[in-house]
Structures are given as structure tokens and as C-alpha cells.
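# Per-entry structural report
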Amino acid sequence: MELQWLWMFAATLLTCYIFVSKVMRNLNGWYYDLKFKNKQYPLPPGDMGWPFIGNLWTFFKYFSSGRGETFINNIVHKFGRIGIYKTHLYGSPSIIVIAPAICKKVLIDEVTFKIGYPKAATELAKSKLLNSENGRFKRLVAAPIIGRNVLEMYLERIEDIVINKLEELSSMKHPVEFLMEMRKASFEFVIHIFLGSCDQSNVKKFGDLFNVMCIALFSLVPINVPGFAYNKALKARMKFVKIVQYIIYERRMTIKNGQNGKNNDLLDIILQIKDESGEKFEDKDIIDLLITFLFGAHETIATTIMWSVMYLTQNPLCLKKAKEEQEEIMKARPPSQKRLSIDEIKQMVYLSQVVDETIRHVSNFSTFREATTDVNINGYFIPKGWKVLVWLSALHMDPEHHSNPEEFNPTRWDDYNPTTGSFIPFGVGRRLCPGRDLARYKISIFLHYFVLNYRLERINSECPLTSFPQPKPIDNCLARIIKLSNS
Ligand code: HEM
């Protein structure tokens, strides 16, 4: 009798196993295949994951443990190198694209593929002004951060921030979280571009509130209930908006009193611009734009600086080459010149390759679009309303386009042909990053001062990584910044 129970128990377990692994696991995929079975073209191959949650758990597992590339590598390995796959992420059926030509096509065709970031990012960083269809207006908004004149205007300010930050860090008795310090420095800089010389206590308040917002930006499950990160981020955003609203009010008063445009910052410019119907922009739209700028600039610059310093530290030959280039530039400088010039930055060829190579390694994992209509691409069907994820990190680590992709090798950029579209860290098309030159300059200026005068000593060089949304050590690169004795 006991044996019979045992058999029954084993049979039940086996049935459950088969049901879960063969039926439940494939239910989502079958559902979508059935739904679109009459279409001329099939959905791309791929894995739609579990009912309701899709591939959320697998995504979280790999990205939170610093192995984000494994998520996409497994898909490529299982379904072949076709460059377009179906999946289910962030609560939506989605298409992942990683082939250069398809990535470009998706990013350039703004009519078929509108912006489609996940819910948390859309709510926290919405910007009606950047989403404007009016190209002239977009150019006006981006003008204060593009072009040589602009870079010249900010050069001194960037240098001051870099010099002071490095001096401050090297004078600290205890190790610092290098990434957090770089975040503070890039935050201060973007606030400067947008709000000019803003009260330092406000910068500190903005910084604290903004950090809370950043934590939830790519929330996989944005739950607006007290205690959850997304709820805290929305509250922080409200406080942030109130402070900026007051700054805008003061600025409007100044302008009303006839002192137009004295601050030379983005806020002054936007307060003067009128929309298509001749109306000036509302406070809400201006604040949304500031927040989008901050999200665009803050984490990206900080992470790239941290990794470029870490890569140079780990690769003494690259560090030596970078240092020699900077020493050459300093030798050629006239004695009367005390500060960096734009021409000198343009001569930093190897350093700019270090920047590109770093960005290639640590790109944000994806940009997000949404299909506005049913569309066929490369013989595959993308249904209207599906998200389309242009998976930049996979594109940039593809061995077909970047030989030996894991290797940190700045000289690979000596013979790079940019027309292939296999390196698009700043996007392409109308949403191409307006801060790309500024970002490169800022990182180069930091590296210039760093390689000549400092070195980094990490406390936990083997510290585990997380790769969400960009790769970083979980200790935020806890380190000492040491001033070189000859500097
Ligand atoms: C290493 C640094 C940076 C990287 C890798 C980067 C990357 C990107 C990418 C890939 C996009 C396109 C997103 C899309 O197509 O959905 C973008 C857009 C944007 N970036 Fe950057 N960015 C960087 C620095 C900056 C800086 C310094 C600023 C501002 C000062 C900035 C402001 C923006 C803005 C406002 C957008 C939105 C443009 C639009 O939607 O029209 N970024 N960035």
C-alpha cells in the first residue's frame, strides 16, 4: 500500500514538472504565435517567458549579478545570429534588435517607431519639449549644449569642477565611493548649464532628491505604494519640481524687470523661446526638460569616467600611452597659457579612443521604442504597440563588428569605419544625444588631469558587479585617489 502511495506521489511530481516546464513555460509564446498566425510574416524567433511576467526574472537575475550580457548571449546562442528576437520585458511583449542595420532603421524611422521607454522612466523623465515634432524648436533647446563656442564657454567651468574634485578626493583620509563622487561632479555641471550659478545649498538639495529618482528610473516593477522605490522617486520629483518652480518664478521676475538673459544659461534661453502658436513655455514643461537633461547627463558621464579610470589603471600600457600623449600636449603649451584649450583637447587622439573604447564596453543596455503600426522588418513581423529595444550593449560587444570585444583596446579605433552603424552609443536620427560632444569633452578633461597627476587605488579590486542599467562594481568603486609625488 505504501509503495502505491509512493508511486502516486512520484507520478504527481512528474506531471507537475511536465506541466510547469512544457506547458506553463511556453504558454506565453503559444499565445502570441496563435494571435498573429495569419500575418504574412512570422514573429521573430525568441522566448516570451512565463505568463504575465515574461522574462522579467531571468533579466533581473543576470543584470543584478553583473552578467547582463549573458541574458542576450543566451538568446543569440539559442536562436541564431539573426539580429532580431521576440521577448517579454517590462510587462510588454517586445522585440530586441542587435543587428547594426536594423538598429539604425528603428532609430531613424521616428514615424513607425516612437519613443517607448518603460513606465518609470516615462513618468520620471517625461519631456514634452524634447518630444516636440518641431525640429526648429528642438534645435533651439539643444543649442546651448552643442558646438565649439558653447564648449569654449563651459571649458573653464568644467576644468574648475574637475580640478577641485580631484584635489578634494585626494585630500580625503578615508576611501571614497568614486562613482558617487563623479555623479556629484556631473550633476553640479548640468545644473550649471541649465540654471547658471545656482545657490550651492540648492544644488545639494537637488542632488539628494535626484539620487532618489535615479534609483527608480528603470524600475522593473514600478509600484506606486509607500515604501517602494518608485513611490519614493515620484515624491522626490514633486519636491524637486517645487524648488525649481521657485527659481523659475524668480527668473521670470528678473526678466520682467528688464534684465533679460544675464545668466547665459539654458533657462534664460528657454524662457525667451515661443512655441508654434507664439506662446511661451509653461513652468512644468521647462522643469520636465531640466529633469530629462539631468537623467541624460548625470549617470552616463559619471559611469564612463569611473570605468575609463578603472580600465586605464588595469591596463598599464594604455595608461602609459595616454599619459605620454598628455605630457606632449603640455610640453607644446606656451608658458603664458595656464588652462586647457579646445585645440589641445582636439589633439588628444589616443585619449578620445580611450573614451570610445570605454563607452563601447559600458553602454546603457538599451534604448526603447514602440511600434506605432504593424511593420515587417527583414522578413519578420513587429505588431503595433510592441516595444522595440535597440540593445546597444550587445551591438557594441558583437565579435562580428568588434574583434575580441572583451579586450580593452583603444587602438581598435585607429581603423574604425563609422558608417557601419556598429557603434552608436549616442543613438542616431532625430533623438541623437545633444550632449555627446559635451560629454566627450568633459570626460577627456577629467582624464587629462587624472593621468597627469593622480592614480586610483581600489579597496576591493575583485568587487562583484551589477549591470543594471549600466555595469558598475557594487561598492561604487570604493577607492583612494592618490596624488602623484611629481605633480
Ligand atoms: C557618455 C555620455 C552620454 C551617453 C552615452 C549618452 C547617450 C544617449 C543616447 C543613446 C541617447 C538617445 C536615446 C534614445 O534614442 O532613446 C541620448 C539622448 C539624450 N541625451 Fe545623452 N548621452 C550622454 C551624455 C549626455 C549629456 C552630457 C547630456 C546633456 C548635457 C545628454 C542629454 C541627452 C538628452 C537631453 C537626450 C534626449 C534627446 C532627445 O530625446 O531628443 N546626454 N543620450
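A few points on the structure.

Rules used in this analysis
- Residues numbered from 1 in each chain as written.
- Predicted model: local features only at pLDDT ≥ 70, side-chain atom pairs only at ≥ 80, totals over all residues.
- Heavy atoms only, no water.
- Helix = DSSP H or I, 4+ residues; strand = E, 2+ residues; numbered from the N terminus.
- Rg over C-alpha atoms; globule rule 2.2 N^0.38 Å.
- Buried < 20%, exposed > 50% of the residue type's maximum accessible area, 1.4 Å probe, protein only.
- Contact = heavy atoms within 4.5 Å.
- Lys, Arg positive; Asp, Glu negative; His and termini not counted.
- Charge placed at Lys NZ, Arg CZ, Asp CG, Glu CD.
- Arc of directions from axis to C-beta.
- Donors = N, O, S within 2.8 Å, 3.2 Å for Na, K, Ca; no water.
- Pairing = 2+ DSSP bridges.
- Axes fitted to C-alpha atoms, helices over the stretch in contact; angles between N-to-C directions.
- Phe/Tyr/Trp six-rings, centres within 6.5 Å; stacked < 30°, edge-to-face > 60°.
- Salt bridge = Lys/Arg side-chain N within 4 Å of Asp/Glu carboxyl O.
- Polar contact = N/O pair within 3.5 Å; in protein donor to acceptor, adjacent residues only side chain to side chain.

### Some thoughts on the overall build of the chain
Per the secondary structure count, the chain includes 17 helices and 12 strands. Here the C-alpha radius of gyration of the chain, 25 Å, is about what a compact globule of 487 residues would show, namely 23 Å. Dimensions along the principal axes, computed over C-alpha positions, put the chain at roughly 95 × 60 × 45 Å. Expressed as a percentage of its 487 residues, the buried residues of the chain come to 51%. Long-range pairs, those at least 24 residues apart, make up 73% of the contacts in the chain with a sequence separation of at least 6. Taking the average place of the 62 positive charges on the side chains of the chain and the average place of its 50 negative ones, the gap between the two points comes to 4 Å.

### Here's the deal with helix α4 (residues 100–108)
Taken residue by residue, α4 has P100, I102, C103, V106 and L107 as its buried positions. End-on, the buried residues of α4 take up no more than an arc of 165°, which puts them together on one face. In α4, the exposed positions that point more than 90 degrees away from the buried face belong to A101 and I108.

### Some points on the coordination of the iron atom of the ligand
Donor atoms from the protein around the iron atom of the ligand number only one, C433 (SG), found at 2.3 Å. Tracing the backbone through its elements, the reader meets C433 in the loop between α16 (392–396) and α17 (436–453).

### A short note on the sheet that holds strand β4 (residues 176–177)
One open sheet holds the three strands; their spatial order is β4-β12-β9, and the pairing between them is antiparallel. Bordering the open sheet on either side are β4 and β9 (454–458), each of which pairs with just one other strand. Taken together, the two bridges between β4 and strand β12 (residues 478–483) define a ladder with antiparallel strand orientation. Residue pairing across strands places E177 opposite L478, the latter belonging to β12. With respect to the sheet, α17 is in contact with β9 and β12, its orientation differing from that of β9 by roughly 85°.

### Focus on the pairing of strand β8 (residues 387–390)
Along β8, one buried face is formed by K387 and L389 and the opposite face, lined by V388 and V390, is buried too. Pairing geometry for strand β2 (residues 92–97) and β8, over four bridges, is parallel. Note on β8: the bridge partner recorded for I95 is V388. In terms of strand pairing, strand β5 (residues 367–371) meets β8 through four bridges, oriented antiparallel. In the strand pairing of β8, F368 is matched with L389.

### Regarding the side chain of E357
Positionally, E357 belongs in helix α15 (residues 349–361). Classification of E357 by relative accessible area gives buried; the value is 0%. Once you skip the residues sitting within four places of it in the chain, E357 turns out to touch E407, F408, N409, P410, R412 and W413.

### Thoughts on unusual backbone geometry
Look at N404: it is not a glycine, yet its phi comes out positive at around 45°. Of note, N404 is situated in the loop between α16 and α17. Of note in the backbone geometry, N476 takes a positive phi value of approximately 55° without being a glycine.

### Side note on the sheet that holds strand β1 (residues 84–89)
Read from one edge of the open sheet, five strands run β1-β2-β8-β5-β3, paired in mixed fashion. Bordering the open sheet on either side are β1 and β3 (113–115), each of which pairs with just one other strand. The average undirected angle you get between the axes of adjacent strands in this sheet is 35°.

### Observations concerning the packing of aromatic side chains
Considering all chains together, one arrives at 35 aromatic pairs under this definition. A ring pair is formed by F178 and F446, whose centres lie 6.2 Å apart and whose planes are at 55°; its orientation type is tilted. Of the two residues, F178 sits in helix α8 (residues 178–195) while F446 sits in helix α17, which places them 268 residues apart along the sequence. Of the two residues, F178 and F446, neither departs from the other in class, the shared state being buried. For the ring pair Y311 and F408, a centre distance of 4.5 Å and an interplane angle of 15° mean the geometry is stacked. Note that Y311 is positioned in helix α12 (residues 283–314) and F408 in the loop between α16 and α17, a separation of 97 residues in sequence. Each member of the pair, Y311 as well as F408, carries the same accessibility label: buried.

### Description of the pattern of salt bridges
A complete count under the given rule lists 29 salt bridges for this structure. Where R157 meets E188, a salt bridge forms, and the shortest distance between an N and an O atom there is 3.2 Å. Of this pair, R157 sits in helix α7 (residues 148–170) while E188 sits in helix α8, and the two are 31 residues apart along the sequence. Taking the relative accessible area as the measure of exposure, R157 reaches 24% and is therefore partly exposed. What you see here is one network of salt bridges that share partners, running through K165, E168, E181 and K184.

### Let's talk about the environment of E177
Structurally, E177 is set in strand β4. E177 sits 78 residues away from I255 along the chain, and the two C-alpha atoms are 41 Å apart. The residues contacting E177, other than those within four sequence positions of it, are D475, N476, C477 and L478. A polar atom in the side chain of E177 sits 3.1 Å from the side chain of N476.

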